[in-house]
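Each chain is listed here by its residues.
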Amino acid sequence: MRTENKIDMKTKRKKIESKILTNEEKLVALRIMTTTRKTDYKIMNLLKQGKSYFHMSAAGHEAIQVAIGMQMDPGVDWAFPYYRDLAFLLSIGVDLNDIFLHMLAKGSDPMTGGRQMPNHWGSKKLNIPTQSSPTGTQFLQAVGVALANRKKGNDSVTYVSSGEGTTSEGEFYEAINWASREKLPVVFVIENNKLAISVPVESQNGGKQNSVAQMMSGFENLLSVEVDGTDFEESFTVARKAFEYARRGKGPVLIEAHVVRLASHSSSDDQRKYRTKESIEADLAKDPIEKLKKILLAENVTDKKSISEMEKKIDKEINSAAEFALQQEEPKAETAERFILDESGKRDRLEYEKSKPAGNPIVLVDAINHALHEELEANEKIYMFGEDVADKKGGVFTSTKGLSTKFGEERVFNSPLAEASIAGVSIGMALTGLKPCVEIQFGDYIWPAFMQMRDELVTYRYRSNNQFSAPVVFRVAIGGYIHGGLFHSQNIEGFFSHIPGLLIAYPSNAADAKGLLKTSLRLNDPVLFLEHKGLYRQSYASSPEPDDKYLLPFGKANIVVEGEDLSVITYGAMVHESNFAIRKLKEEGYSIELIDIRTINPLDEKTIYNSVKKTGKAIVIHEDTLTAGFGAEITARITDSCFQYLDGPVKRVAAKDAFIPYHPNLEKEILPNRDKIYNELKELLLY
Ligand SMILES: Cc1ncc(C[n+]2csc(CCOP(=O)(O)OP(=O)(O)O)c2C)c(N)n1
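In this text the structure is predicted, and so the values were computed from the model without any measurement.

Conventions adopted
- Residues numbered from 1 in each chain as written.
- Predicted model: local features only at pLDDT ≥ 70, side-chain atom pairs only at ≥ 80, totals over all residues.
- Heavy atoms only, no water.
- Near = heavy atom within 4 Å.
- Polar contact = N/O pair within 3.5 Å; in protein donor to acceptor, adjacent residues only side chain to side chain.
- Areas by Shrake-Rupley, 256 points an atom, 1.4 Å probe, with all protein chains shown as cover.
- Nonpolar A, V, L, I, M, F, W, Y, C, P; charged D, E, K, R; others polar.
- Patch = residues over 30% accessible without salt bridge, like charges linked within 9 Å, V, L, I, M, F, W, Y side chains within 5 Å.
- Salt bridge = Lys/Arg side-chain N within 4 Å of Asp/Glu carboxyl O.
- Helix = DSSP H or I, 4+ residues; strand = E, 2+ residues; numbered from the N terminus.
- Buried < 20%, exposed > 50% of the residue type's maximum accessible area, 1.4 Å probe, protein only.
- Pairing = 2+ DSSP bridges.
- Axes fitted to C-alpha atoms, helices over the stretch in contact; angles between N-to-C directions.
- Contact = heavy atoms within 4.5 Å.
- Expected span 1.5 Å × (residues − 1).
- Core = buried A, V, L, I, M, F, W, Y, C linked by side-chain atoms within 4.5 Å.
- pLDDT = per-residue confidence, 0-100.
- Phe/Tyr/Trp six-rings, centres within 6.5 Å; stacked < 30°, edge-to-face > 60°.
- Lys NZ or Arg CZ within 6 Å of the ring centre and 35° of its normal.

**As for the site of the ligand**
Consideration 1: By nearness alone, 17 residues border the ligand, and Tyr-82, Tyr-83, Arg-84, Thr-166 and Leu-195 come closest of all.
Consideration 2: Here an oxygen atom of the ligand sits 2.8 Å away from a polar atom, N or O, in the side chain of Arg-84.
Consideration 3: Contacts to the ligand include Ser-133, whose backbone N or O atom sits 3.0 Å from a nitrogen atom.
Consideration 4: For the ligand, whose accessible area on its own is 590 Å², the fraction buried by protein is 75%.
Consideration 5: Of the residues contributing to the shell around the ligand, the split by class is seven nonpolar, seven polar and three charged.

What follows is the structure, encoded as structure tokens:
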């Protein structure tokens, strides 16, 4: 249902340009703030009646939120509000019905379809990517959105908010750093209520007088300001200046709005357990709604009777929105697994293997480089960034050589040395419809990006009920045998294979690498593309180059060698090590089938099972450590599906459960190799 909360945009723009806040705007603000407070009360009542399970209140934060909302151009600007931002949402036109549908987790909840807890806001039409729960991940995505909009030539500002506790997260600094380095129009608003659940700001923040704004004052281009966020007029003035600064292209803004927390942290919390009565009462005396009412009465902008009439009207609107939502259907159980991946069918519609790789022999790293050249040429939405990827270096392994020279540094550029930034910014860019392809220089250093990948990248489609998605391609150099221990040799697929919603490729040769990377760049899902450093220039991993149309499907294994006695299931560098062992055993009269799975998600179970049913024996081989490696998964599935065909135990060969040391004598002890594989194969053959 429509409310009168939203101010007419044309009027709003005109008024903002004039310097004076009008009485009409002040009354609209009071109305939205009151609607917010009363909505919070209503939801708390529904919770007490057992009709909802969770709630977080905006009480005490309303004034700054409405002041910000009034500067926004809804549907043009982008917003990453946080869980307390109900007043912000109402001020940019989110419908009360939608708020209640979301808070009651109904099937038609337009924000998450009942998939997330309440207070996880989102709106496709208002450019609000459905938020998640980790505090602080939103900052870098906001930077990514701002970067994408600048690259697209869109004149829009991105708003992002959090509480002051969240500014202790490293990604906050990374986001301010990136936004400042490129003068991006991002308005960061920190709603400082002096508490992060129970932790007071003094225990949180090392800035002068615990001020976030002062702490960040060293960044060039960043306009950093503090404001009494309980004072609507003051907040409006600061917010207007902030948006003007950002819209004029001067850079990002950080507003630290001092607010009060008038309720417990959430409905699961009781602040009386850790706050004094005096502190709670002191906050109540600063109630932003009471403050604004007092001013409007003193200025004769309104009177008590009109306020009371307004409140009654709001009560009616809220009750009718709640009633409407209560009558709607609950989410259907059969939808619980939908939208983990893209369901548009695009993956099936691509034309695969139209030709056979028949060009000049090419090494794996050059095949990757050529795939990137071809796809950047074919699709202007692709943007490529990471550490050292731009020329003249062109990547520490030269996989991106020549790309920035050919396509310009607008499309291929160096990121700051910060993996969470690479991930978060790429996700933000993808949310706007661009297709980022990013490089993580070494798999060993992907971990700062892990939160963004596990909780953000892969959950966007699911958590927004298919409204937003982030189909970023992460190229990552991984693997040992290159004198890189301890920290340039890790395999990471075991960790990532556990994540739903992430496609994973791990090619073993140049042609597969080119075909799979080109496919990755055309899919609507996020992809982890693993590149083995030891294979980059290895002659036995080279192959005739496929042409520019060549796409390889995910989920199609390659039978490298056909055989009858035993099935070897492997991928990456182990395809070659296994093949050396298999050739030796062939000379001894054994016939062994070698399967390169090529992609970890999806896994081509059919090819594996057909092979095992034929040979009756299976061994799974990978370079990653043994315990909970991906081999354990393949082994379990074979046991599950082929048990009656097996003539022996399903065996595994993998790295020892250790770190990968530097010296070759030590490394050899830990990693699998052709000799170890030979011995294991022989043992299983003789079983
Ligand atoms: C990364 C992460 N760590 C911990 C939490 C649990 N958590 C949720 S809200 C919160 C406090 C946030 O405080 P602040 O940023 O000051 O915002 P406020 O709730 O006070 O508005 C915590 C610790 C979380 N959601 N995400």
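**A look at a nonpolar patch on the surface**
Consideration 1: There is a patch of nonpolar side chains on the surface, built from Leu-486, Phe-487 and Phe-659 and spanning about 340 Å² of accessible area.
Consideration 2: Mapped onto the elements of the fold, Phe-487 is located in the loop between strand S12 (473–478) and helix H19 (493–496).
Consideration 3: Given the relative accessible area of 46%, Phe-487 is considered partly exposed.

**Some words on unusual backbone geometry**
Consideration 1: Cis rather than trans, the peptide bond between Gly-485 and Leu-486 has omega equal to 0 degrees.
Consideration 2: Of note, Leu-486 is situated in the loop between S12 and H19.
Consideration 3: Of note, the phi angle at Asn-210 is positive, near 55 degrees, even though the residue is not glycine.
Consideration 4: By secondary structure assignment, the location of Asn-210 is in the loop between strand S5 (199–200) and helix H8 (212–215).
Consideration 5: Of note in the backbone geometry, Glu-353 takes a positive phi value of approximately 45 degrees without being a glycine.
Consideration 6: Along the chain, Glu-353 turns up in the loop between helix H13 (346–349) and strand S8 (361–362).
Consideration 7: A relative accessible area of 31% places Glu-353 in the partly exposed class.

**Digging into the sheet that holds strand S6 (residues 223–228)**
Consideration 1: Pairing is parallel in the open sheet, where five strands are placed in the order S1-S2-S3-S7-S6. Strands at the two margins of the open sheet, each flanked by one partner only, are strand S1 (78–80) and S6. Recorded for the sheet is a direction-independent mean angle of 15 degrees between the axes of neighbouring strands.
Consideration 2: Looking at chain direction, strand S3 (residues 186–192) and strand S7 (residues 253–258) are connected through six bridges and run parallel. Along S7, the bridge assignment pairs Phe-188 with Leu-254.

**Section: the sheet that holds strand S11 (residues 435–440)**
Through backbone hydrogen bonds, the strands of a sheet pair up, either in parallel or in antiparallel fashion.
Consideration 1: With respect to topology, seven strands assemble into an open sheet ordered S10-S9-S11-S12-S14-S13-S19, the strand pairing being mixed. Two strands in the sheet have a free side with no partner beyond their single neighbour: strand S10 (412–414) and strand S19 (599–601). In this sheet, adjacent strand axes meet at a mean angle of 20 degrees when their direction is disregarded.
Consideration 2: As judged from the six bridges shared by S12 and strand S14 (residues 527–532), these two strands associate in the parallel manner. By the bridge assignment for S14, Ile-478 is matched with His-532.
Consideration 3: The strands touched by helix H20 (residues 510–520) within the sheet are S11, S12, strand S13 (503–505), S14 and S19, with S14 carrying the most contacts at an inclination of about 160 degrees.

**Brief notes about helix H25 (residues 674–685)**
Consideration 1: With twelve residues, H25 extends 16 Å from end C-alpha to end C-alpha; this agrees with the ideal 16 Å at 1.5 Å per step.
Consideration 2: On its buried side, H25 packs onto strand S17 (566–570), helix H21 (573–587), strand S18 (592–596), strand S20 (618–625) and strand S21 (651–655).
Consideration 3: A distance of 3.0 Å separates the backbone nitrogen of Asp-675 from a side-chain oxygen at the start of H25, and that oxygen is part of Asn-673.

**Thoughts on the nonpolar core**
Consideration 1: By size, the foremost hydrophobic cluster in this structure holds 76 residues, and its most contacted members are Phe-188, Phe-474, Leu-528, Ile-569, Ile-597 and Ile-638.
Consideration 2: Every residue in contact with Ile-569, bar those within four places of it in the chain, is listed here: Ile-595, Ile-597, Ile-608, Val-612, Ala-618, Ile-619, Val-620, Ile-621, Ile-634 and Ile-638.
Consideration 3: Within the second largest apolar cluster, 62 residues are counted, among which are Ile-99, Phe-236, Ala-242 and Ala-257.

**Quick word on the confidence of the model for the protein chain**
Consideration 1: Here the protein chain averages 96 in pLDDT, while 97% of its residues score no lower than 70.
Consideration 2: Per-element mean pLDDT across the protein chain ranges from 43 in helix H1 (residues 9–17) up to 99 in S13.
Consideration 3: Confidence drops under a pLDDT of 50 for residues 5–16, and excluding neighbours within four residues, the segment shows 34 contacts in the predicted structure.

**Some thoughts on the packing of aromatic side chains**
Each aromatic ring pair is specified by the distance between its two centres and by the angle formed by the two planes.
Consideration 1: Taken as a whole and assessed by the stated rule, the structure comprises 18 aromatic pairs.
Consideration 2: Ring centres of Phe-232 and Phe-236 lie 5.9 Å apart, and the angle between their planes is 50 degrees; this geometry places the pair in the tilted category. Of the two residues, Phe-232 and Phe-236 are both situated in helix H9 (residues 232–247); the distance of four residues between them amounts to about one turn of the helix.
Consideration 3: Taking the relative accessible area as the measure of exposure, Phe-232 reaches 2% and is therefore buried.
Consideration 4: What links up through ring pairs into an aromatic cluster is the set Phe-139, Phe-172, Tyr-173 and Phe-188.
Consideration 5: Looking at Arg-411, its charged tip hangs above the ring of Tyr-383, at a distance of 6.0 Å from the centre.
Consideration 6: The side chain of Lys-584 reaches across the aromatic face of Tyr-678, ending 4.3 Å from its centre.

**Here we look at H21**
Consideration 1: Its 15 residues place the ends of H21 22 Å apart at the C-alpha level, agreeing with the 21 Å of an ideal helix rising 1.5 Å per residue.
Consideration 2: Among the residues of H21, Ala-573, Met-574, Val-575, His-576, Glu-577, Ser-578, Asn-579, Ala-581, Ile-582 and Leu-585 are the ones counted as buried.

**Topic: the pairing of S12**
Consideration 1: Burial analysis of S12 places six of its six residues in the buried class, the great majority of the element.
Consideration 2: Neither face of S12 is exposed, since Val-473, Arg-475 and Ala-477 on one face and Phe-474, Val-476 and Ile-478 on the opposite face are all buried.
Consideration 3: When S11 meets S12, the two strands line up parallel, connected through four bridges. Residue Ile-440 lies in a different strand from S12, and its bridge partner there is Val-476.

**Some remarks on the environment of Ile-197**
Consideration 1: Locating Ile-197 in the fold gives a position in the loop between strand S4 (195–196) and S5.
Consideration 2: Overall, Ile-197 belongs to the partly exposed group, its relative accessible area being 44%.
Consideration 3: Among all residues touching Ile-197, those that are not within four sequence positions of it are Arg-261, His-265 and Tyr-274.

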